[in-house]
Amino acid sequence: MPATRYTHTAIFIHWLMALLLIGLFSVGLYMSDLPLSPQKLKIYSWHKWAGVTAFVLVLVRLAWRAGHPPPALPAAMPNWQKTAAHALHHLLYLLMIAIPLSGWLMSSAKGFQTVYFGILPLPDLLQKNKELGELLESVHTALNFTLAALVLAHIGAALKHHLLDRDDILARMLPFLARKR
Amino acid sequence: MEKPLTTFRLILATLAVAAAGSAAAAEFNQFQAGKSSLTFVSKQMGVPIDGSFRKFAASLAFDPAKPAAATARLDLDLNSIDAGSRDANDEVVGKPWFNVKVFPTATFVSSTVRPLGGDKYELVGKLTIKGKSQDVTAPFTFRQDGGNGVFDGAFVLKRLEFGVGDGVWSDVSTVANEVQIKFHIVAAPAAIRK
């Protein structure tokens, strides 16, 4: 019998990531305009630690996914929608990898090494370079707004499936929503 | 019968002392600003941040044959600080940090220099920042490079002992109290008198 829902692990990581990404995005928006203060330094560090955590989680998630393929999309779904759904998921994963990487590189270029929880130093992949740091900051911001837009599309599509198409797409990730047959 | 030999020995010894004296007579006292550097590493949330002072002056006299007689004085222009980022540079000249309007320079004046064996020495002196003086001890090495004397040393100071970063910044869990100072001083030998 083919699986009709994601595994508990996949569901757990998905929602954990959702919380992390919303938190990271909001804090990232808030902190960049703060005047320099001890609080700002703390928030920046927390943001970086959470970002490293998200980066590790997405790798764990991809590894899990490789061994536990997601349930198939409903047969009734038009092909163009299946293609769009796969493309969107690929892009989401791509951004979840690219965004923390751009943040890490930006930190290196700006001369602020990332030290995970203040204990584990991540190697600086770039030399300190002011212009490059500013460029990477723009890249980091642009990628984040792209991800935010795609997440909105992702949520919109899930709701559309649940409320309009009345299929089990959302229930794969929220089993308590599964409809009785 | 022994006399000529003793005399000969005495002459040899005198010659040896004279030779040693002339070889080591070089006193390094011409500060080379362009070749010297004064850098530091501060820690923010456990992250080491490199910084430097772009402008400082040193007057020193060091003769490796008489290290105990050495003296050194350093005056550093606190306005020339690079604390690692534009934000930080704007911040550290302000009142809670160096308050450069009132205290534009920091000074170090040596009191003793002690040889530790080999090329290692220990420098003790008074460091004055923001009107507060503290004794500091800095081990350093001395070597000669292309005729110049090169001094490399480092020590750790506690910024709060000088009132640097007070108020909200006195929370050392954000910006550590310990700041590592590294100096690389190059001095040419005194002009040789003929």
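Note that the coordinates shown come from a computational prediction; the quantities given were computed from them, not determined experimentally. Sequence order as written defines residue numbering, which begins from 1 separately in each chain. The lettering of chains begins at A and the numbering of ligands begins at 1, in the order of writing. Where totals are concerned, whole chains, interfaces and linings use all residues; where local detail is concerned, this predicted model gives features only for residues with pLDDT of at least 70, and gives and counts side-chain atom pairs only at 80 or more.

Trainee: Explain the overall build of chain B to me, using residue names and the numbers behind them.
Mentor: Helix and strand counts for chain B come out as two helices and eleven strands. Starting at the N terminus and ending at the C terminus, chain B contains elements arranged as α-β-β-β-β-β-β-α-β-β-β-β-β. Burial status across chain B gives 26% buried among its 194 residues. Here the analysis covers contacts within chain B between residues at least 6 apart in sequence; of these, 56% occur between residues at least 24 apart. Strands are runs of DSSP state E lasting at least 2 residues, helices are runs of H or I lasting at least 4, and numbering of each runs from the N terminus. Using C-beta atoms placed from the backbone, we call a residue buried if 20 or more other C-beta atoms fall within 10 Å of its own, exposed if 12 or fewer do, and partly exposed for counts in between. Contact between two residues is assigned whenever their backbone-derived C-beta positions fall within 7 Å.

Trainee: Account for the nonpolar core, naming residues and giving values.
Mentor: Formed by 35 residues in total, the largest nonpolar core has its most connected members in Leu 76 and Ile 185 of chain B. Secondary structure elements with two or more residues in this core: strand S4 (56-61), strand S5 (71-77), helix H2 (86-92), strand S7 (105-117), strand S8 (120-129), strand S9 (132-145) and strand S11 (178-189) of chain B. The residues contacting Leu 76 of chain B, other than those within four sequence positions of it, are Leu 38, Phe 53, Phe 56, Thr 105 and Ala 106 of chain B. Grouped together as the second largest cluster of nonpolar side chains are eight residues, Ala 54, Val 58, Ile 99 and Leu 147 of chain A included. Linking buried Ala, Val, Leu, Ile, Met, Phe, Trp, Tyr and Cys residues through C-beta atoms within 7 Å yields a set, and such a set is a nonpolar core.

Trainee: A description of the environment of Met 106 of chain A should follow, citing residues and the corresponding values.
Mentor: For Met 106 of chain A, the location among the structural elements is in helix H3 (residues 79-109). Those residues in contact with Met 106 of chain A, other than ones at most four positions away along the chain, are Gly 133, Leu 136, Glu 137 and His 140 of chain A.

Trainee: Which residues make up the packing of helix H2 (residues 38-67) of chain A against H3 of chain A, and what values do they have?
Mentor: Helix-helix packing: each pair is described by the crossing angle between the helix axes and the interaxial distance. Residues and elements named next belong to chain A. H3 packs onto H2 with a crossing angle of 145 degrees between their chain directions and a minimal axis gap of 9 Å. Considering the relative orientation of H2 and H3, their crossing is left-handed. Of the residues in H3, those in contact with Lys 48, Gly 51, Val 52, Ala 54, Phe 55, Val 58 and Leu 62 of H2 are Tyr 93, Met 96, Ile 97, Pro 100, Gly 103 and Ser 107. Lys, Arg, Asp and Glu make up the charged group, whereas Ala, Val, Leu, Ile, Met, Phe, Trp, Tyr, Cys and Pro make up the nonpolar group; the residues left over, Gly among them, are polar. Here the residues of the contact of H2 with H3 are counted per class, giving nine nonpolar, three polar and one charged. Angular values range over 0 to 180 degrees, each being the angle between N-to-C directions of two axes fitted as lines to C-alpha atoms, with helices fitted over their stretch in contact. Handedness of a crossing follows from how the near helix is turned relative to the far one, being left-handed for an anticlockwise turn of less than a right angle and right-handed for a clockwise one.

Trainee: Give me the confidence of the model for chain B: which residues, what numbers.
Mentor: Confidence per residue, as judged by the predictor, is encoded in pLDDT with a range of 0 to 100. Per-residue confidence for chain B gives a mean pLDDT of 89; residues scoring 70 or more make up 86%. Counting interchain partners and residues more than four positions distant, the pLDDT-below-50 stretch residues 17-24 of chain B has three contacts.

Trainee: Pulling in residues and values, what's your account of the interface of chain B and chain A?
Mentor: Taken together, the contact between chain B and chain A spans 15 residues of the former and 13 residues of the latter. Among the secondary structure elements, those contributing two or more residues to the side of chain B that touches chain A are strand S3 (47-53) and H2 of chain B. It is S3 of chain B that provides the largest number of residues to the side of chain B that touches chain A, a total of four residues. Considering only residue class, the side of chain B that touches chain A consists of six nonpolar, five polar and four charged.

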